Amino acid sequence: MARNSWLFILSMVVLLLAGCGTRVIDGQQVDKKDKIIIKFSHVVEENTPKGLAAIRFANLVRERSKGSIEVQVFPNSQLFKDGEEFEALSRGDVQMIAPTTSKVAQLFPQWQIWDLPYLFDDLDSVHQIMDGPLGRTLLEQLRQKSMKGLAMWDNGFKQLTNNDHPITKPSDLQGLCFRIMSQGILEEQFHYFGADTLYLPFNDVYHSLEEGRAQGQENTISNIYTKNFDQVQSYLTLSQHGFMGYAVIVNEEFWNQLPSQARELLETTLAEVTLWERDIAKKLNDEQLSELQKRNKIKIYTLDSQEKRFWKEDFALVYAKFVQENGADFLNDVKQSIDLAGNR
């Protein structure tokens, strides 16, 4: 790995460990019966934006609570796959999860706004919506399923990979089969252009690509890099066609039983880590794109601004499914909020 890459990784480790220390073992500082244990399950690698943020959150909570609260992080589907996490949270097998917004959309269709292709032009507009009234309204919906939404994190914009041919225009999707993380808008965006889809949990994607069950997939650079998809894919299109984010969620009953001081500490720390996570997400995606280019195992095509305009026009027809499920008024409200955010 190049010297700059090692320096970047070293800097991530320093940021994670500075003032945080390692995770406390039960009983090390606080009697086990007095300690609050929070099992935090997620499905991606530790060296991704979500993975790094989860570790940082755990370390800061341990330090600030003086060991009375321990967040135990289980990455990379060690406990549950991404299709199993909601049930695990409901049962109390884990207390905290961070599924993609696409997974949340399977429970609450309005969350599909985050899946609409080319709805957001940049991350600033994404964050304005996340942190504004609309984002708070979406998080509030989780209470209908006895969950509490605490924060929203980034991964970044999604790109397309496949092992058949370069994709430079939407019609190039025709005849290919793409792995999708959820049904709905993500399915529609491929079907509209004549592609097939295959729903799979995230940790099954590599083997499905390797075995040819799917010819392609959509993902952020950090997920493509950390899962080594360039080992089983020949072409990468930097399309930035959709956003991928996460909702940090806790079991509401568990949350309500916590002491008020513990809830305040967790919320304050999570708000701080959220800002850090968003910054790290952008840095990691930039750095790991450079690493993919250095590996030179996958051919990369970048859509220019004019091509993106054409893609945006073509994908606009996919919005009909969203309107059918959620109404035109809601979509218009979303677009108006984005326009207002862009003018600030």
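Calculation rules
Residues numbered from 1 in each chain as written. Predicted model: local features only at pLDDT ≥ 70, side-chain atom pairs only at ≥ 80, totals over all residues. Heavy atoms only, no water. Helix = DSSP H or I, 4+ residues; strand = E, 2+ residues; numbered from the N terminus. Buried < 20%, exposed > 50% of the residue type's maximum accessible area, 1.4 Å probe, protein only. Contact = heavy atoms within 4.5 Å. Areas by Shrake-Rupley, 256 points an atom, 1.4 Å probe, with all protein chains shown as cover. Salt bridge = Lys/Arg side-chain N within 4 Å of Asp/Glu carboxyl O. Core = buried A, V, L, I, M, F, W, Y, C linked by side-chain atoms within 4.5 Å. Phe/Tyr/Trp six-rings, centres within 6.5 Å; stacked < 30°, edge-to-face > 60°. pLDDT = per-residue confidence, 0-100. Arc of directions from axis to C-beta. Expected span 1.5 Å × (residues − 1).

K.L.:
Where do I start with the overall build of the protein chain in this structure?
P.N.:
In terms of regular secondary structure, the protein chain is built from 14 helices and nine strands. Across the 344 residues in the protein chain, those meeting the buried criterion constitute 55%. Within the protein chain, contacts between residues separated by at least 24 positions form 75% of all contacts whose residues are at least 6 apart in sequence. Summed over its atoms, the accessible surface of the protein chain is roughly 15200 Å², and 47% of this surface lies on carbon and sulfur atoms.

K.L.:
I keep staring at the pattern of salt bridges and nothing clicks. Help me out?
P.N.:
Side chains carrying opposite charge are able to pair once their charged atoms draw close together. Going through the model one piece at a time under the given rule, you end up with 17 salt bridges. The partner of Arg278 in a salt bridge is Asp131, and the shortest N-O contact between them spans 2.9 Å. With Arg278 in helix 11 (residues 260–295) and Asp131 in helix 5 (residues 123–131), this pair connects stretches of sequence that are 147 residues apart. Looking at Asp131, the relative accessible area reads 45%, which means it is partly exposed. Glu252 is the salt-bridge partner of Arg143, the closest N and O atoms lying 2.9 Å from each other. Separated by 109 residues along the polypeptide, Arg143 in the loop between helix 6 (133–141) and strand 4 (147–162) and Glu252 in helix 10 (residues 252–257) bring together distant segments of the chain. For Arg143, a relative accessible area of 47% translates into the label partly exposed. Within the structure, one salt-bridge network assembled from shared partners comprises Glu87, Arg91 and Asp93.

K.L.:
How do you make sense of the nonpolar core when you look at a structure like this?
P.N.:
Nonpolar side chains tend to gather and get buried jointly when the protein is soluble and globular. By size, the foremost hydrophobic cluster in this structure holds 101 residues, and its most contacted members are Trp111 and Trp114. Here this core gets ten residues from one element, more than from any other, and that element is helix 11. If sequence neighbours within four positions are ignored, Trp114 has contacts with Thr101, Phe120, Val126, Ile129, Met130, Leu138, Met152 and Phe243.

K.L.:
For this particular structure, what's the right way to read the packing of aromatic side chains?
P.N.:
On inspection of all chains with the given rule, the structure shows eleven aromatic pairs. Centre to centre, the rings of Phe193 and Phe315 are 4.9 Å apart; their planes meet at 70°, and the pair counts as edge-to-face. Of this pair, Phe193 sits in the loop between helix 7 (185–191) and strand 6 (196–199) while Phe315 sits in helix 12 (residues 305–315), and the two are 122 residues apart along the sequence. A relative accessible area of 2% means that Phe315 is categorised as buried.

K.L.:
Sorry, what's going on with the confidence of the model for the protein chain here?
P.N.:
Any segment with low pLDDT has predicted coordinates that should not be analysed in fine detail. When the pLDDT values of the protein chain are averaged, the result is 90; 89% of them are 70 or greater. Note on residues 17–30: pLDDT is under 50 here. Beyond four places in sequence and across chains, it has 38 contacts.

K.L.:
Even after reading the chapter, I still don't get helix 13 (residues 319–326), so can you show me in this structure?
P.N.:
In an α-helix there are 3.6 residues to a turn, and that puts residues three or four apart on one side. Among all positions in helix 13, only Tyr319, Phe322 and Asn326 are buried. Looking down the long axis of helix 13, one finds its buried residues gathered within 55° of arc, a one-sided arrangement. Directly beyond the C-terminal end of helix 13, a positive phi value near 90° is found at Gly327.

K.L.:
I tried to follow helix 11 on my own but got confused; where do I start?
P.N.:
In this model helix 11 runs 50 Å from its N-terminal to its C-terminal C-alpha over 36 residues, within 8% of the 52 Å that 1.5 Å per residue would give. Asn296, located one to two residues past helix 11, shows a positive phi value of around 60°.

K.L.:
Before we go on, may I ask you to explain the environment of Phe229 in this structure?
P.N.:
Here Phe229 shows up in the loop between helix 9 (221–226) and strand 8 (235–251). For Phe229, a relative accessible area of 1% gives the class buried. Measuring from C-alpha to C-alpha, the distance between Phe229 and Val205 comes to 8.7 Å, with 24 residues separating the pair along the chain. Ignoring sequence-local partners within four residues, the contact set of Phe229 consists of Phe202, Val205, Tyr206, Leu209, Gln217, Asn219, Asn223 and Ile224.

K.L.:
Please explain the environment of Pro117 as it appears in this structure.
P.N.:
Structurally, the position occupied by Pro117 is in the loop between helix 4 (101–104) and helix 5. Distance from Pro117 to Phe315, taken between C-alpha atoms, is 6.4 Å for residues 198 residues apart in sequence. Other than its neighbours up to four places away in sequence, Pro117 contacts Ile185, Gln189, His241, Phe315 and Tyr319.

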